[in-house]
Each structure stands twice: as structure tokens, then as C-alpha cells.
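Structural overview for review
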Amino acid sequence: MTVHAPDGAVRRSGRRRTRTALLAGAGALAALAVALYGAGIAAHGTGELRIPAPGATTLLRVAVFAALALHLGELAGVRLAGEGPRPRPWAVWAALGGAAASAGQIVVLADVSGLDLTAAYGTREGGLLLLMANGFALAAACAALARPGWALAPLALVTGAEALRAHPEPYTPELGTALTVVHLTAGSLWVGGLLYVLRVAHLRGGLRGAREALTRYARLAGWLYAALAVTGTCSTLRRLPADVVLSSAYGRVLIAKLALVAVASALALTARRRMHRRRARHGGDATAPARAELAVLAGVVVVSALLTVVPDPHWISTRLTLQ
């Protein structure tokens, strides 16, 4: 005998799916608008030099950051998931997307610089982007050959090259690169790991294995948050002069990023409290705030990519000092 759900329950479920789809679509459009126009809006009235092709560059860097998060998050998430069904891996496609986005940045670099592709490869930035594209391609090959652990080496190469490329600092570049490597790795694990364990929770439903995966992720997230806070604070103190926090594009974008991180942190704490209540009284759903946290973190990824596109704020600080 087949048991059908009441019509009211079916309608409510349909409305929830529709609302979720509408919210996802609105979020995607907002992220696209920020990527395309964020640099210009942030630099309005600052007197900073215009960055060539900021929209295309930001979109491609969003793709790179997303690919890194998906691949690293999946590698960590498999260990966090424990025993039980696991979602279909996305690592191959994520790495291929990262390779394409890295190569796309070389094309943009060649276009805005008036160089051919061969000459673009010969520049510092072009060489690092080529290194990233090859690293992602190697990581995709490792995943396709069912050797996911081998992908850690090329992904480390990608992270190091991105840290060098995104922060060409003339002052203590070694320290800045090291801070960025830790920050980028921790951020990728936070976003990608959360996505993977939420996929595990959705696949396993109310099974105990899903709750355990979320609990293990919450423990890891605490350490990741600490690493992000320390490296982010140190990088900000090094890169952003206090006198241009509000008058530079970098400072304005950084404030937006910090606001989003604060919201994501509050949602993470809410999810953790609900997990504790669930273990104590079998109540409280931690996945709802965790899904909202993931949505906010997607915004953080977009704003982080934008932060690598806007000008170095030291230029405007030096100009004000000379005046």
C-alpha cells in the first residue's frame, strides 16, 4: 500500500523549495553584481588609479578561490564524514574549473597589457598564474586517478603561487606570503569543509553519522577560525594604514568582508549551540543555521576576491602624507 503525503505538506514543501530557489538566485545575482562593479564602487571618490578589467578579474579569482575551497574541503570532509554514505566527489570538476580560471586570468593580463600570450607568460604575474593552472590540472589528474591524497602537493603549489601573485609587497614579502598561505588555506577549509559536511548531512538525513560529521567539523572550524583571525589581523595591520581605512577602496572592501565574517561567525555559534542542545535533549536543528552560514561565506569568497583586485592602500596613504 502506498501512503501519500497530505496535500498541505506537499504544498508547504513546494513553497519552501521555491523560496530557497528564489533566495539562491537573488544571492547569485548579488554576488555577480559585487564582482563586476564592486571595485569601481569601492574606489569612488578615493582618487585611486583605475584597475584594468576589474570585473572579469574578480570573477575569475572567485572561481579560483571556490575551486580551492571545494577541493580542499572535500579532502578534509571525507575524513570528517566517517563511516556511511558519502556524496559524489566534485574534486575533478573543481580543479578543472580552477585551472580554467587561472588560464583565463592570463588571457585578461595579456589583453590589458597589450601583450601576446607568450609574452604574458614571461611576466611575474603570468608565470605565477601559469603555475596555478598547472597545479590545478595536476590536482584534477590525481582526483581522476583515484589518488585524492596526492592532490595536496599541487594544491599547496596553487596556494603558494596565489599568495605570491595576490600580494606583490615590496616590504617583507616573505611574511606577507606566509600569512596569506595560512589565511587562504584556513578559509578554504572552512568554506569547503562546511559545504561537504552539509552534503553528507543531506545524504544521510537524520542518521547519527550526519550529526557526528557536523560535530567533527565544528571542532575543526574552531581552529580554522582562530587561524583566520590571527592571520587576518596581522595582514590588516601590515597592509592597511590607519589613516585610509575609510578613504581607500581596500579599507572599504575589508570592512564589508569583516561584517560578513561577523555574521557567519554568529551563525556558526548558533549552529554549535543547537548541536549541543540536540545531544542533550534530542532537539534543535543545526543544519539550518549552518546552511545560512555557508551562504554568507559564499559572499565572503566574492569579497575576498575583490580585495585582491583593488589597489594597494599604501599609495593613497603616501599621497596624503606628502600633502
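Our structure's up above, just so we're on the same page.
These remarks concern the structure in this document. (Residues numbered from 1 in each chain as written. Predicted model: local features only at pLDDT ≥ 70, side-chain atom pairs only at ≥ 80, totals over all residues. Heavy atoms only, no water.)

This part is about the overall build of the protein chain. Of the regular secondary structure elements, the protein chain holds 11 helices and 0 strands. Reading the helices (α) and strands (β) of the protein chain from amino to carboxyl end gives α-α-α-α-α-α-α-α-α-α-α. Here the protein chain holds 323 residues, and 44% of them are scored as buried. Carbon and sulfur atoms form 68% of the exposed surface of the protein chain, whose accessible area is close to 16900 Å². (Helix = DSSP H or I, 4+ residues; strand = E, 2+ residues; numbered from the N terminus. Buried < 20%, exposed > 50% of the residue type's maximum accessible area, 1.4 Å probe, protein only. Areas by Shrake-Rupley, 256 points an atom, 1.4 Å probe, with all protein chains shown as cover.)

For the rest of this paragraph, the subject is the pattern of salt bridges. This structure, assessed with the given rule, holds 3 salt bridges. For Arg-61, the salt bridge goes to Glu-125, with nearest N and O atoms at 3.5 Å. Residue Arg-61 is located in helix α2 (residues 54-81), and its partner Glu-125 is located in helix α5 (residues 124-144); the two are separated by 64 residues in the primary sequence. For Glu-125, a relative accessible area of 29% puts it in the partly exposed group. Here the salt bridges share partners, and the residues they tie into one network are Arg-61, Glu-125, Glu-162 and Arg-165. (Salt bridge = Lys/Arg side-chain N within 4 Å of Asp/Glu carboxyl O.)

Structurally, Glu-293 can be placed in helix α10 (residues 287-307). Notably, Glu-293 is buried but unbridged: the nearest opposite-charge side chain belongs to Arg-272, and the N-O separation is 8.9 Å. Residues in contact with Glu-293, not counting those within four places in the same chain, are Trp-190, Leu-194, Tyr-217, Ala-264, Leu-267 and Ala-268. (Lys, Arg positive; Asp, Glu negative; His and termini not counted. Contact = heavy atoms within 4.5 Å.)

Okay, α10 next. Given a rise of 1.5 Å per residue, 21 residues ought to cover 30 Å, and the 30 Å separating the end C-alpha atoms of α10 matches this to within 8%. The buried fraction of α10 is high, at 15 of 21 residues. (Expected span 1.5 Å × (residues − 1).)

A word on helix α7 (residues 173-204). Taking 1.5 Å of rise per residue, 32 residues should cover 46 Å, and α7 covers 46 Å from first to last C-alpha, within 8% of that figure. Where α7 terminates, the next one or two residues include Gly-205, which has phi positive at roughly 65°.

So, on to unusual backbone geometry. At Ala-53, a position not held by glycine, the phi torsion is positive, near 50°. If you trace the backbone, Ala-53 turns up in the loop between α1 (7-42) and α2. Classification of Ala-53 by relative accessible area gives partly exposed; the value is 24%. Of note in the backbone geometry, Ala-146 takes a positive phi value of approximately 60° without being a glycine. Among the structural elements, Ala-146 can be located in the loop between α5 and α6 (152-166).

All we've got here are geometric facts, nothing functional implied.
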